[in-house]
Each structure stands twice: as structure tokens, then as C-alpha cells.
Amino acid sequence: MSSVDDADMLRLLNCPSIPMDGGKSSHPSIGFGTYKVGFIPASASSAVAATSSTSSERTAEECVLDALNVGYRFLECAEFYGNEAQVGKAISKSGVPREEIFICSKVWTTTIEKGPDAIRAQLDKTLNDLGTSYLDLYLVHWPVPGKHVEAYKTLEVLCKEGKIRGIGLSNYAVEDYLELKEAGMEIKPSVNQIEINPFIYRKNTIDFFKKEGVVLQSYRSLRDGKEFGNATLVKIADAHKKTPAQILGRWCVQKGFVYVPKSVKKERMIENAQVFDFELSAEEMSELDSLTDPKTIQTFQGLYRKCVNRDTSKDGTLDGVKMNITLD
């Protein structure tokens, strides 16, 4: 199916929103992720060495235009993704008014390390590439040791200037947030974007941020499709006459996380968004909650230690990296 029917599009256009900033604003519960859409960054963390820094079969402009045409109104972007100019072209071509689109971007480690002037210059480039005068959210992509607090304070200034309407975090552990909090935050972060799905359900970390009033954006909501054959997932999908992707998406929405699927195929964009016409039972939610295993948590720890310094002058070292963070 490569065309969306009216009912599905209406559900997507009228998707629930999640209260943010103590109810002062709201965040769409579903969005379209643009990582590795039309372009694969050179230091992408997965096994893409043979195709790094290359274009994919479809451009980001084509993919994002499809996403907007089927009803997605939250676009998840980043400096690191290398495709914001293409995203901007899609927004312009779509004819969808800017005020109907929720745009989030993230500032990358390289720019964070360079400091406030570089962050300011990068924001201007992002705004120009996306063809907009403001962002709904701007996030610190990784808590770069010795640099992320200064970066966040720079975002606070930019927020006051009106170039960004909200600020947030990405890949922050509890301890990174506490470091930021102890340094004195003038503006509380609206969101923390971390990997969340039933196979990496870090409940203590999630509960901590919820208590702090920070909305959780989920990336790798669909686990990159690697667990679609999981027996528990397939059983629940069959019971609802849904796909494994739709069960993972529904779990995310039902938990109150921002669900951010991505695909370069229009039919998959439509399928991934069909999560608002059914509910999972408490028993099914509990079954899904139990799919995280200790090996996954250890893998997460290694990725965190590797990535906080990625693409900085300390890349490949553990210089400044927090070795004891809340893992679960």
C-alpha cells in the first residue's frame, strides 16, 4: 500500500499530544525520524562502514515529502544527519504551513566542543537549511564531557532570543542531567531523546526523567527492525491483526513516549503510523516490558562510553567519560 486512506491520515494529523514544560506547550506523540534518510553520516554507529557518507537510493527530500504527504507533522532532524537542506526543500515543496509542523534539531558533538559561537553559527545554518526562522526544539545531541553544560547554557540564550522555542537533551544519563541541574538551569529541558523500545526499557532512568517533568522522545522505537521475528512480539501482533512494527509503536505511544519511526519507503511510513486504532492489554504491555535483557544494557553502556566523545578531539578515548551511570 503506497497511498494513505482518509481515516489513517486523519488519525495521524490529529494524533494525541504530550504535555510539555508543565503544560505550557505540547509535543506530538508521533514523528518522522530523518537519521540515515537520504544520507549516512561517516561516523554512524552501526555497521555501515562500506557505505558511510553516501547517498541512499532515495533522497531525504523525497522521503520527507512522502512523510508530510501521508500526515506526519513532527520532523526529527539533526546537524549530524547531514540532510537538513534536503528536509527544508521537502517542507517548502509540501505546501504544509510552517505553523503546522513541529521541527526538532540537535547540535552535534563537534560543534558542542567548539563552544558558544560555533553553536550559534550552526543554529543559523540549520534554520537556513530547513527554511524556517525558528525551531520548536533544539537539543544537545550528546553530553560531551566538559562541554555539554556550556552548550546547554548557550541554548538557553538562543531560546530567550526566540530562535528556538524549547530546548532539550539527547542521550543524557541521569548523572549527566544532575550535573546540568547542579550547574544551574534557567530553562528546564523539555525533552530527553534516548533509545526506548521493549528491548531496551530502562525503567529507572525513564521514571527519573518523568518525575523531573522531562518528556521522553524514543529513538530506535522499532529497534531497526531487528526484533520483528521475536516470538512474543509476533504473538501479540497476530492477536491484534497488526504488524510487529505497529505493536512496538503502540507500546511506545501507550507508555507516553514520543514515537519516532523512520523509513525511506512510503508504504512503511503509513504502516508505522497505524497505531492509534487499537490498544494493548495490561498483560500484553507487561509481556513487552519484560523483553529487555542484561546483555542489551551492557551494550548500551559501551555505546554511551564511545559516543559522548565521538567526533571530538577526544574521540576514541574515555577522557572525562562518566564510568558509573544509571544503566537501567
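Draft legend 1. Molecular detail of the nonpolar core. With 75 residues, the main nonpolar core has Tyr72, Leu75, Ile164 and Trp251 as its most contacted residues. The element best represented in this core is helix H2 (residues 60-70), accounting for 7 residues. When near neighbours in sequence (up to four residues on either side) are disregarded, Leu75 contacts Phe32, Val64, Leu68, Val87, Ile91, Ile101, Phe102, Ile103 and Cys104. Among the nonpolar cores identified, the runner-up in size contains 18 residues, and Ala78, Ile297, Cys307 and Leu327 belong to it.

Draft legend 2. Highlighting the layout of surface pockets. Taken as a whole, the largest pocket spans an internal volume of roughly 1,300 Å³. Looking at the largest pocket, it is lined by 49 residues, and the ones nearest its centre are Tyr35, Arg220, Arg223, Asp224 and Lys262. For the lining of the largest pocket, the secondary structure elements donating two or more residues are strand E8 (191-195), helix H11 (266-273) and helix H13 (294-307). The leading source of residues in the lining of the largest pocket is H13, at 7 residues. Its residues assigned to classes, the lining of the largest pocket comprises 22 nonpolar, 13 polar and 14 charged. There is about 280 Å³ of room inside the second largest pocket. Together, 17 residues line the second largest pocket, and Pro28, Arg73, Glu100, Ile101 and Phe102 are the ones closest to its centre. When its residues are assigned to classes, the lining of the second largest pocket shows 10 nonpolar, 1 polar and 6 charged.

Draft legend 3. Region of the structure containing the packing of aromatic side chains. For the coordinates displayed, the defined rule picks out 11 aromatic pairs. Both rings, one in Phe300 and one in Tyr304, keep their centres 6.4 Å apart while their planes meet at 45 degrees; by these two values the pair is tilted. Note that Phe300 and Tyr304 are positioned in helix H13 at a spacing of 4 residues, about one turn of the helix. This pair shows no difference in class: Phe300 is buried, exactly as Tyr304 is. Ring pairing ties together the aromatic residues Tyr35, Phe80, Tyr81 and Trp108, which thus form one cluster.

Draft legend 4. Focus on the packing of helix H6 (residues 148-161) against helix H7 (residues 174-182). Where H6 contacts H7, the two axes come as close as 10 Å, and the packing angle between them is 60 degrees. As the angle between them shows, H6 and H7 are arranged oblique. Crossing angle aside, the handedness with which H6 passes H7 is right-handed. Touching His148, Val149 and Tyr152 of H6 are Asp176, Glu179 and Leu180, all from H7.

Draft legend 5. Layout of the sheet that holds strand E10 (residues 258-259). Strand order in the open sheet made by the 8 strands is E3-E4-E5-E6-E7-E8-E9-E10, with parallel pairing throughout. Edge strands, defined here as strands with exactly one partner in the open sheet, are strand E3 (32-33) and E10. Of the strand pairs in this sheet, E8 and strand E9 (residues 215-219) are connected by 5 bridges, and their pairing is parallel. In the strand pairing of E9, Glu195 is matched with Tyr219. Contacting strand E5 (102-107) and strand E6 (137-140), helix H5 (residues 116-130) crosses the sheet at an angle of about 145 degrees to E5.

Draft legend 6. Spotlight on the environment of Gln274. Within the fold, Gln274 resides in the loop between H11 and helix H12 (282-289). Given a relative accessible area of 15%, Gln274 falls into the buried group. Considering only alpha carbons, one finds Gln274 and Leu12, 262 residues apart in sequence, at a separation of 8.0 Å.

Draft legend 7. Here's a closer look at empty space enclosed by the protein. For the coordinates displayed, the defined rule picks out 1 cavity of 30 Å³ or more. Taken as a whole, the largest cavity spans an internal volume of roughly 70 Å³. What lines the largest cavity is Val4, Asp8, Arg11, Leu12, Val70, Ile270, Ala273 and Gln274. Within the residue set of the lining of the largest cavity, elements represented by two or more residues are helix H1 (6-13) and H11. Of the residues assigned to the lining of the largest cavity, the class counts are 5 nonpolar, 1 polar and 2 charged.

Draft legend 8. Broad picture of unusual backbone geometry. Although it is not a glycine, Lys36 adopts a positive phi angle of roughly 60 degrees. Residue placement: Lys36 occurs in the loop between E3 and H2. Here the phi dihedral of Asp311 falls at roughly 65 degrees; this positive angle occurs in a residue that is not glycine. You can see Asp311 is positioned in the segment after H13.

Rules of the game
- Residues numbered from 1 in each chain as written.
- Predicted model: local features only at pLDDT ≥ 70, side-chain atom pairs only at ≥ 80, totals over all residues.
- Heavy atoms only, no water.
- Core = buried A, V, L, I, M, F, W, Y, C linked by side-chain atoms within 4.5 Å.
- Buried < 20%, exposed > 50% of the residue type's maximum accessible area, 1.4 Å probe, protein only.
- Helix = DSSP H or I, 4+ residues; strand = E, 2+ residues; numbered from the N terminus.
- Contact = heavy atoms within 4.5 Å.
- 1 Å grid on protein atoms, 1.4 Å probe; cavity = no way out; pocket = protein on both sides within 12 Å on 5 of 7 lines; lining within 4 Å.
- Points joined across faces, edges and corners; volume = space filled by probe spheres on them.
- Nonpolar A, V, L, I, M, F, W, Y, C, P; charged D, E, K, R; others polar.
- Phe/Tyr/Trp six-rings, centres within 6.5 Å; stacked < 30°, edge-to-face > 60°.
- Axes fitted to C-alpha atoms, helices over the stretch in contact; angles between N-to-C directions.
- Parallel < 35°, antiparallel > 145°, perpendicular 65-115°, else oblique.
- Left-handed = near helix turned anticlockwise from the far one by under 90°.
- Pairing = 2+ DSSP bridges.

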